[in-house]
Amino acid sequence: MNLLVVEDDKLIQEVIADYFGSKEWTVSVCDNGEDALELIKTNTCHLILLDVMLPGMNGFSVCRRIREISDVPVIFLTARVQDEDKLNGYAMGADDYMTKPFSLPVLYAKSMALMSRMRGTVPDKMIRCKTIRIDVRTHEVWSNERLCILAPMEYDILLFFIENPNRIFSREQLLIRFWGYDFDGSERVVDNHIKKLRKALGESGNMIKTVRKAGYRMET
């Protein structure tokens, strides 16, 4: 399991990383929201421990941004205990709270309980498509039995293609589907993400075909 700790207190970073690491978790740490968001885009996270009082972008804003790209469970770490703050956090998409100072065993137990609940809400389902295998519970993707590292957007695009085999989707359709009607960027963003997805999948990336003057389709 992969844990991301977003906390600017180096001591808290260290003790959490040591404790969860002893439980065979893979732990990444960062001390600000901007770095956290970049890491989430390029790595698979199963749980995020997020400090509220961060330099620059605060934890509430970070959580709101996370929810735009991922449904990964988020537990706030905070010294703020007012009900208003908790309600604000839940409104931003947080799943739970831990008030500082906290007990590491209690934090771990709360984390495992949350992970168990999350597993219960996601089908235990494996999708296979030729040489590609997707575990929809963990969002892990294998290509020719090699684990692929996909950003959340590339994962969503891949799953969409596999669930709609052999259908052609224009760049405009994909842009609306994944970026929304109010996106004011270029359609080239679609090409860039398709390119990254193909690269991450290796040889299996050849299944994503470019249809000239039409768009893309997943050849299955």
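Each remark here, short or long, concerns the structure printed above.
The rules behind each value
- Along each chain, the written sequence defines residue order, and numbers are assigned to residues from 1.
- Local features in this predicted model are restricted to residues whose pLDDT is 70 or higher, and side-chain atom pairs enter the listing and the counts only when it is 80 or higher, whereas totals over whole chains, interfaces and linings include all residues.
- Each side-chain value is worked out from all heavy atoms of the structure, with water and hydrogens disregarded.
- Helix numbers and strand numbers start at the N terminus; a helix is a DSSP run of H or I with at least 4 residues, a strand a run of E with at least 2.
- Using a 1.4 Å probe on the protein chains alone, a residue whose accessible area is under 20% of its type maximum counts as buried, one over 50% counts as exposed, and one in between counts as partly exposed.
- Note on definitions: a residue-residue contact is assigned when non-hydrogen atoms from the two residues lie within 4.5 Å.
- Just to be clear on terms, a salt bridge is a Lys or Arg side-chain nitrogen sitting within 4 Å of an Asp or Glu carboxyl oxygen.
- Nonpolar cores were defined as sets of buried Ala, Val, Leu, Ile, Met, Phe, Trp, Tyr and Cys residues, with membership established by side-chain atoms within 4.5 Å.
- Pairs of strands are assigned from DSSP output, requiring at least two bridges between the strands.

Asks: Is there a simple way to think about the environment of I149 in this case?
Replies: In this fold, I149 is placed in the loop between β9 (146–148) and α6 (152–163). Accessibility expressed as a relative area gives 52% for I149, which makes it exposed. Placed 39 residues apart in sequence, I149 and K110 show a C-alpha to C-alpha distance of 27 Å. Those residues in contact with I149 that lie beyond four places of it in its chain are T42, N43 and A200.

Asks: Help me understand the pattern of salt bridges in this model?
Replies: Side-chain pairs of opposite charge can arise where the charged atoms are in close proximity. One pass over the full model with this rule turns up 11 salt bridges. Where D31 meets K10, a salt bridge forms, and the shortest distance between an N and an O atom there is 3.1 Å. In this pair, D31 is assigned in the loop between β2 (26–30) and α2 (33–42) and K10 in helix α1 (residues 10–22), connecting sequence segments 21 residues apart. Residue D31 is classed as partly exposed on the basis of its relative accessible area, which comes to 26%. K100 is paired through a salt bridge with D51; the nearest N and O atoms lie 3.1 Å apart. You can see K100 sitting in the loop between β5 (96–99) and α5 (104–121) and its partner D51 sitting in strand β3 (residues 47–51), a full 49 residues away along the chain. A relative accessible area of 22% means that K100 is categorised as partly exposed.

Asks: How should the environment of P73 be read in this particular structure?
Replies: Inspection of the secondary structure assignment puts P73 in the loop between α3 (59–69) and β4 (74–78). For P73, a relative accessible area of 6% translates into the label buried. Sequence separation between P73 and D96 is 23 residues, and the spatial gap between their C-alpha atoms is 8.6 Å.

Asks: In this structure, what is going on with the nonpolar core? I would like to understand it.
Replies: Most often, soluble globular proteins have nonpolar side chains that are buried together. Core analysis: the largest hydrophobic core is formed by 30 residues, its most contacted members being I132, I134, V141, L158 and F161. Only β6 (126–129), β7 (132–135), α6, α7 (171–179), α8 (188–201) and β11 (215–218) provide two or more residues apiece to this core. Core analysis: the second largest hydrophobic core is formed by 22 residues, L37, L50, V62 and V72 among them.

Asks: Is there a simple way to explain the pairing of strand β8 (residues 140–143) in this structure?
Replies: Two faces make up the sheet, and in a regular strand the side chains alternate between them. Pairing of β7 with β8, which is carried by four bridges, proceeds in the antiparallel orientation. Counted as the bridge partner of R133 is W142 from β8. The antiparallel hairpin formed by β7 and β8 contains four residues in its connecting segment, where H139 sits at a positive phi of about 65 degrees. Sheet topology note: the β8/β9 ladder contains three bridges and is antiparallel. Bridged to W142 within β9 is L147. Remark: two residues form the turn of the hairpin made by β8 and β9, two consecutive strands paired antiparallel; N144 in that turn has positive phi of roughly 50 degrees.

Asks: What exactly am I supposed to notice about unusual backbone geometry here?
Replies: Comment: phi is negative for the bulk of residues other than glycine, and the bulk of peptide bonds are trans. Along the chain, K100 connects to P101 via a cis peptide bond; the corresponding omega equals -10 degrees. Look at N144: it is not a glycine, yet its phi comes out positive at around 50 degrees. The class of N144 is partly exposed, set by a relative accessible area of 42%. Even without glycine at this site, N166 takes up a positive phi of about 65 degrees. Structurally, the position occupied by N166 is in the loop between α6 and α7.

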